[in-house]
Structures are given as structure tokens and as C-alpha cells.
Amino acid sequence: MDDKRIVSLKIKDLRKDFIDSLSELYEPEEVLSFFYILSEKFLGLRRVDVALALETVISSQELSKFENAKNHLKKQDPIQYITGDTEFYGLSFKVNQNVLIPRPETEELVDWIIKDYQRKEGGRKIKVLDIGTGSGCIAISLAKNLPEIDMYAIDVSKEALEVAKENAKHNKVAVTFMCADILQLDALKNSFDIIISNPPYVRELEKQEIHANVLENEPHLALFVSDQDPLIFYRKITRLAKKSLLADGLLYFEINQYLGTETKEMIKKLGFNSVSLRKDLYNNDRMIKASII
Ligand SMILES: C[S@@+](CC[C@H](N)C(=O)[O-])C[C@H]1O[C@@H](n2cnc3c(N)ncnc32)[C@H](O)[C@@H]1O
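Residues numbered from 1 in each chain as written. Predicted model: local features only at pLDDT ≥ 70, side-chain atom pairs only at ≥ 80, totals over all residues. Heavy atoms only, no water.

**Some points on helix α12 (residues 232-244)**
- Taking 1.5 Å of rise per residue, the 13 residues of α12 would be expected to cover 18 Å, and the 18 Å separating its terminal C-alpha atoms lies within 8% of that figure.
- For α12, the full list of buried residues reads F233, Y234, I237, T238, L240, A241 and S244.
- On its buried side, α12 packs onto β3 (126-131), β6 (192-197), β8 (224-225), β9 (245-254) and α13 (260-269). (Helix = DSSP H or I, 4+ residues; strand = E, 2+ residues; numbered from the N terminus. Expected span 1.5 Å × (residues − 1). Buried < 20%, exposed > 50% of the residue type's maximum accessible area, 1.4 Å probe, protein only. Contact = heavy atoms within 4.5 Å.)

**Focus: the packing of helix α7 (residues 104-116) against helix α8 (residues 137-145)**
- Remark: α7 packs on α8, axes separated minimally by 10 Å, with the N-to-C direction vectors making an angle of 35 degrees. In this structure, α7 crosses over α8, and the sense of that crossing is right-handed. On the side of α7, the interface is formed by T106, L109, V110, I113 and I114, while α8 contributes I138, S141, L142 and N145.
- The residue makeup of the contact of α7 with α8, split by class, is six nonpolar, three polar and no charged. (Axes fitted to C-alpha atoms, helices over the stretch in contact; angles between N-to-C directions. Left-handed = near helix turned anticlockwise from the far one by under 90°. Nonpolar A, V, L, I, M, F, W, Y, C, P; charged D, E, K, R; others polar.)

**A few points about the nonpolar core**
- One finds I195, L251 and F272 to be the most contacted residues of the largest nonpolar core, which totals 34 residues.
- Breaking this core down by element, the ones donating at least two residues are β3, β4 (149-155), β6, β8, α12, β9, α13 and β11 (285-291).
- Here this core takes five residues from α12, the largest share from any one element.
- Not counting residues up to four positions away in its chain, the partners in contact with F272 are T238, A241, K242, L245, L251, I267, A290, S291 and I292.
- Among the nonpolar cores identified, the runner-up in size contains 31 residues, and L91, F93, A143 and M151 belong to it. (Core = buried A, V, L, I, M, F, W, Y, C linked by side-chain atoms within 4.5 Å.)

**Re the site of the ligand**
- Contacts to the ligand come from 19 residues, most closely from G132, D155, D181, I182 and N198.
- Take I182: an N or O atom from its main chain is 2.9 Å from a nitrogen atom of the ligand.
- When residues of the shell around the ligand are traced back to their parent elements, those giving at least two are α8 and α11 (220-223).
- Residues of the shell around the ligand, tallied by class, amount to twelve nonpolar, five polar and two charged. (Near = heavy atom within 4 Å. Polar contact = N/O pair within 3.5 Å; in protein donor to acceptor, adjacent residues only side chain to side chain.)

Written out as C-alpha cells, the structure is:
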């Protein structure tokens, strides 16, 4: 875009330029949705405000932010990494390339836990652990919605934990974060009422189903497991949970949709008597709840 256009560019021209430049790569509705997300971020204008401000001329600083975002979108970088944030369960989360972008399926898991939740008699604080916390989306939305719980979260990635800590601060909740490789632990340090995990579960053989922009941008440490042992995290976490969950405790997992039955059977074999499998909005096996009694 040359300098003359930069000086007098109106929002309506910018929107048209966005559509023209990105329409080969994305559906028109998607381009518009990116444009409105960026307008809110860079101009403080919601979608309805944009409609009323089409003749407004934007500054060269604002334009350069849009140009930069457009270049990232041309490379198919995820919009959440471009803006640096996303929404999960009605809360705002910072994200960068050290953390997985929280998914809607995971919101369904959080919703299940919140709806199941029961206070302990006698006012004892319930201890909850999130394993593989990433951006902290599960731990933080539980802590926000269930203020009477004691929330703990583990991740092996120090960089992810930095993001999760910022997110806890931003959302004004207390979470105890710990850096640990779950596969190397023989036991957890505390007893817990609830243990949750959305661990890595995509098999190498499923890579071809994954969008290029996920493969190229999101941390592989958060996503992939070997074809030979895809349940490695589930087996380890179930064993740790068997030792550390209180008698009436609950274990929740987000799971690989193709491995629902295998995951359920494995959890039963390791000593959990009641194991229920739940589908997500897209009708895929996606979540498990297990209890020992
Ligand atoms: C699928 S992501 C889930 C992130 C977040 N909980 C969510 O639901 O969006 C899995 C997370 O497990 C972490 N992780 C991978 N290997 C781990 C290990 N051995 N021990 C602990 N955490 C691990 C990754 O860093 C990543 O943050």
C-alpha cells in the first residue's frame, strides 16, 4: 500500500483491502471476522461501531498494525497468536506460541466439572489439580467460577507456566503453579478431590488431519504422542490419581475422539469403577469422568 493511501485511508477502504488481499486464502465471512476482531483490538471498535465509523480515516500507526496482522494472516498464522489473546469460558486469556490455543471442546469439559461440583460438608476447601495446564485456561476458569476451591496446576513447560501465571493475575484468581514432568513423577505431593487433564493426545498418524496453521504454530509438546503408545499420559495420570485422589474424588480427562473406548477400558483396568464417556458438540467422544467408588 503506498504512502498517499496510507494518509487518507478510511475504515471502509481498509476493510475492502482486507477482503481483497485475503480472499484467496479464507472464506469471506472468516476474513470479516478477523477484521472485526482486529478493529476491536487496534481501534477499540466493536462490529456495530465499525458499521457507524466507515468514513473515519485511520492513523498511519493504526494502519501499520493492520498491515502487520494482514501479513501474518497471509502466512496463515492463527488470529489468536496475532492479537495475543483469546476468550475461554467467558474470560480473556493471553496466548503465545508456547501455549496451545484453548479449544471449545475444553470449555465443555470445564462446564461439566462446574455443573458436577458439590461443596464439601463442614466447609473444607476442595483441592483441585489441572495437569498440563498450558495457558491455564482450565485451572483459571475453575478457580474463577468456584471461588471456594484450592486450585493447583502443573506443566512441564516453564514458558507455558509464565503465560498461565500472567493469566491467573489478569483474571484475579489464585492458582499454585508447579513445573514438573508428569511422566517422571512417582507420586503427587498432595491429595486431591478432583484431578483434571487435557494432555497431549494427537497421534503422529493423525497429523494429516491437522490444519497446516496448527502444525506450524502451536507447540508440538502440547499436541503429539507416539502412535505406539498414545495413552501414555492417560495411563500415568490415572495411576497417579489412583494414589492421590480422596476416596470420593473425581478424575476428568479430555480425550482423543478415536480412542474413547480404549481410554475408558484402560482407566477401569487401573481401578476406577465408574467411568463415563461423554461426546462433545460435534458428537465425538471427547471427555471422561471417572471415580473409584
Ligand atoms: C493439550 S495441551 C493442554 C493445554 C491446556 N490445558 C488446554 O486445555 O488448552 C497439553 C499440555 O501438557 C503439557 N505437557 C506436555 N508434556 C508434559 C509432561 N510430560 N508433563 C507435564 N505437562 C506436560 C504441555 O506443555 C501442554 O501445555
